[in-house]
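Tertiary structure, described
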Amino acid sequence: MTKPLSGPEVARQIGEQSPDAVTGFDETAIFVHSEALLEVARFLKESLEFDYLTSITAVDYFEYFELVYHLTSIKNNYSLVLKTRCAKGEIPQVPSVVSLWQGADFQERDVYDLMGIAFDGHPNLKRLFMWQGFQGHPLRKDFSGGAQD
Amino acid sequence: MALKTEPLVINMGPQHPSTHGVFRMRLVLDGEVIVDMEPIFGYLHRGIEKLAESKTYLQNIPFTDRLDYLASMSNNLAYVLAVEKLAQIPVPERAEYLRVIMVELMRISSHLIAVGSLLNDMGAFFTPLLYMFREREKIMDLFEMVCGQRLTYNYMRFGGVSHDIPEEFIPALKRFIDAMPGFIDEYDQLLAENEILLARTKGIGVLPADKAINASVSGPVLRGSGVKWDIRRADPYSIYDRFDFEIPTGTTGDIYDRYRVRIEEMR
């Protein structure tokens, strides 16, 4: 079985490297500041051998967006959930992790397209499914939709 | 005087919906070699995720059939497993076995189409594909027996499946299981050493293991690159921890390896 790594233990290890990065944790997930995301992700990949990015998804909460990264280590068969929040502003922004995992390329474009979160440092940040010139981001809760929009 | 050359950009697709999903590739060619490619998606994006927000959990099951209509059972299962996990719904043992039977038949059926279409695209026009359709037909007959549908099954339910299997299912399944290895041998005789197949797949489209992992590739493609990773073994869901099975892998990660992995996974 893929073993979930202990959230508190990973949070402690990250804390030794980057004291201000972690904002919280639970049993299987850690929460980090979005500014520290790339630094934490690099630590997870290089020191804890999270070689495989299973998925990136985003959740639209009332106060903020939350990005959820599911990470797996194929080498060691363990997993971890990494979460970060970004404020709802003109264009919400978080660092891209494409430089670490190529698999993030389409996933970040997916989130950018449908949830409207920009990934700083992405090599080709274009909509993935909707066409250029499409207005709005369909998976946001305030998206009104409809052909006439 | 050296001849001045420059790369040629061409659009491949969008393809017709009845081929491989509507999809366009922007290719950069240097002579006959593709040196760069940008995939362009979205022609068939149906917004199922958005639709699902306004439906009940149960109403969403038929949508999952349509995520990949060659693997409807598997998508049914992935969705009901997620809802069962959220709502902590137990599943009776008999239903667990039925689910595994159906998704493994689905795997064979999907691999048949994958391999048949590959050969089709390489110029073995329709003969191999029709051989494989012959066997896939038997699987579709089995599915029709259990749920009345041949493509979009809507078979899984939270806590089980929609119908128990009818009496004639097990004998028909046994006939299929007895016959299938012979058919795979037949494909192998026709194809495994075929000069054209080898020339067009060996050493082509090589995806090394480290790149495959870094690119989040999964399933037979990842295994084709030599990574012994099968989620049924690495992190078993349903009752997969009760079964012993081989995990075939490739060595070089070329098209031929991905083809072999699919052939071996059907055995």
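This section reports on the structure supplied with the text. Note that the structure is a prediction, hence the values are computed from the model and not measured. (Residues numbered from 1 in each chain as written. Chains lettered and ligands numbered in written order. Predicted model: local features only at pLDDT ≥ 70, side-chain atom pairs only at ≥ 80, totals over all residues. Heavy atoms only, no water.)

1. Points about the overall build of chain B
Looking only at helices and strands, one finds 11 helices and five strands in chain B. Compactness check: chain B gives a C-alpha radius of gyration of 21 Å against a globular reference of 18 Å for 267 residues, within 12% of the reference. Within chain B, the fraction of its 267 residues that count as buried is 41%. In chain B, 30 side chains carry a positive charge and 37 a negative one; their mean positions are 3 Å apart. (Helix = DSSP H or I, 4+ residues; strand = E, 2+ residues; numbered from the N terminus. Rg over C-alpha atoms; globule rule 2.2 N^0.38 Å. Buried < 20%, exposed > 50% of the residue type's maximum accessible area, 1.4 Å probe, protein only. Lys, Arg positive; Asp, Glu negative; His and termini not counted. Charge placed at Lys NZ, Arg CZ, Asp CG, Glu CD.)

2. Details of the nonpolar core
With 46 residues, the main nonpolar core has M73, M102, Y155 and M156 of chain B as its most contacted residues. At the level of elements, α3 (72-87), α4 (93-121), α5 (127-147), α6 (169-191) and α11 (255-266) of chain B are the ones that each hand at least two residues to this core. Tallying contributions element by element places α4 of chain B first for this core, with 10 residues. When residues no more than four places from it in sequence are discounted, the contact partners of M156 of chain B are I61, M73, N76, L77, V80, R99, M102, V103 and V161 of chain B. Formed by 40 residues, the second largest nonpolar core is a distinct cluster that contains I30, A36, I56 and M130 of chain A. (Core = buried A, V, L, I, M, F, W, Y, C linked by side-chain atoms within 4.5 Å. Contact = heavy atoms within 4.5 Å.)

3. So, the packing of α4 of chain B against α11 of chain B
Residues and elements named next belong to chain B. Packing of α4 against α11 leaves a shortest axis separation of 9 Å and a crossing angle of 145°. Relative to α11, the crossing made by α4 is left-handed. Between α4 and α11, the residues in contact are R107, I108, H111, L112, A114, V115 and L118 and I255, Y259, R262, I263, E265 and M266, respectively. Of the residues belonging to the contact of α4 with α11, the class tally is nine nonpolar, one polar and three charged. (Axes fitted to C-alpha atoms, helices over the stretch in contact; angles between N-to-C directions. Left-handed = near helix turned anticlockwise from the far one by under 90°. Nonpolar A, V, L, I, M, F, W, Y, C, P; charged D, E, K, R; others polar.)

4. Describing helix α3 (residues 104-115) of chain A
All names here are of chain A. Under the 1.5 Å per step criterion, the end-to-end length of α3 is 15 Å for 12 residues, consistent within 8% with the ideal 16 Å. With nine of its 12 residues buried, α3 lies for the most part within the structure. Looking only at α3, the buried set comprises A104, D105, Q107, E108, R109, V111, D113, L114 and M115. Lining the buried residues of α3 we find β4 (52-60), β5 (64-73), β7 (93-95) and β8 (118-120). (Expected span 1.5 Å × (residues − 1).)

5. Quick look at a nonpolar patch on the surface
Taken together, the side chains of F125, F126, L130 and F133 of chain B define a hydrophobic patch exposed on the protein surface, amounting to about 420 Å² of accessible area. On the secondary structure map, F126 of chain B appears in the loop between α4 and α5. (Patch = residues over 30% accessible without salt bridge, like charges linked within 9 Å, V, L, I, M, F, W, Y side chains within 5 Å. Areas by Shrake-Rupley, 256 points an atom, 1.4 Å probe, with all protein chains shown as cover. Salt bridge = Lys/Arg side-chain N within 4 Å of Asp/Glu carboxyl O.)

6. Re the interface of chain B and chain A
The interface is formed by 20 residues belonging to chain B together with 26 residues belonging to chain A. In total, about 1900 Å² of surface goes out of reach between chain B and chain A, with carbon and sulfur atoms giving 54% of it. The largest share of the area that chain B buries against chain A comes from F41, N214 and W229 of chain B, three residues that together contribute 29% of it. Counting the contacts that link chain B with chain A gives two salt bridges. One salt bridge in this structure joins K126 of chain A and E38 of chain B, with 2.8 Å as the shortest N-O distance. Where chain B meets chain A, there are 12 residue pairs in polar contact (both at pLDDT 80 or more). Secondary structure elements with two or more residues in the side of chain B that touches chain A: β3 (33-40), α1 (48-53) and α8 (209-214) of chain B. The leading source of residues in the side of chain B that touches chain A is α1 of chain B, at three residues. Across the side of chain B that touches chain A, the residue classes break down as 10 nonpolar, five polar and five charged. (Buried area = accessible area lost by both parts, 1.4 Å probe. Polar contact = N/O pair within 3.5 Å; in protein donor to acceptor, adjacent residues only side chain to side chain.)

7. What to know about the sheet that holds β3 of chain B
Residue and element names in this part refer to chain B. One open sheet accounts for three strands, arranged β1-β2-β3; its pairing is antiparallel. What marks the edges here is a single partner per strand, and that holds for β1 (8-12) and β3. Across the sheet, the mean angle separating the axes of adjacent strands is 25° when strand polarity is ignored. Note that β1 and strand β2 (residues 24-30) share five bridges and pair antiparallel. Counterpart to M12 in the pairing with β2 is M25. (Pairing = 2+ DSSP bridges.)

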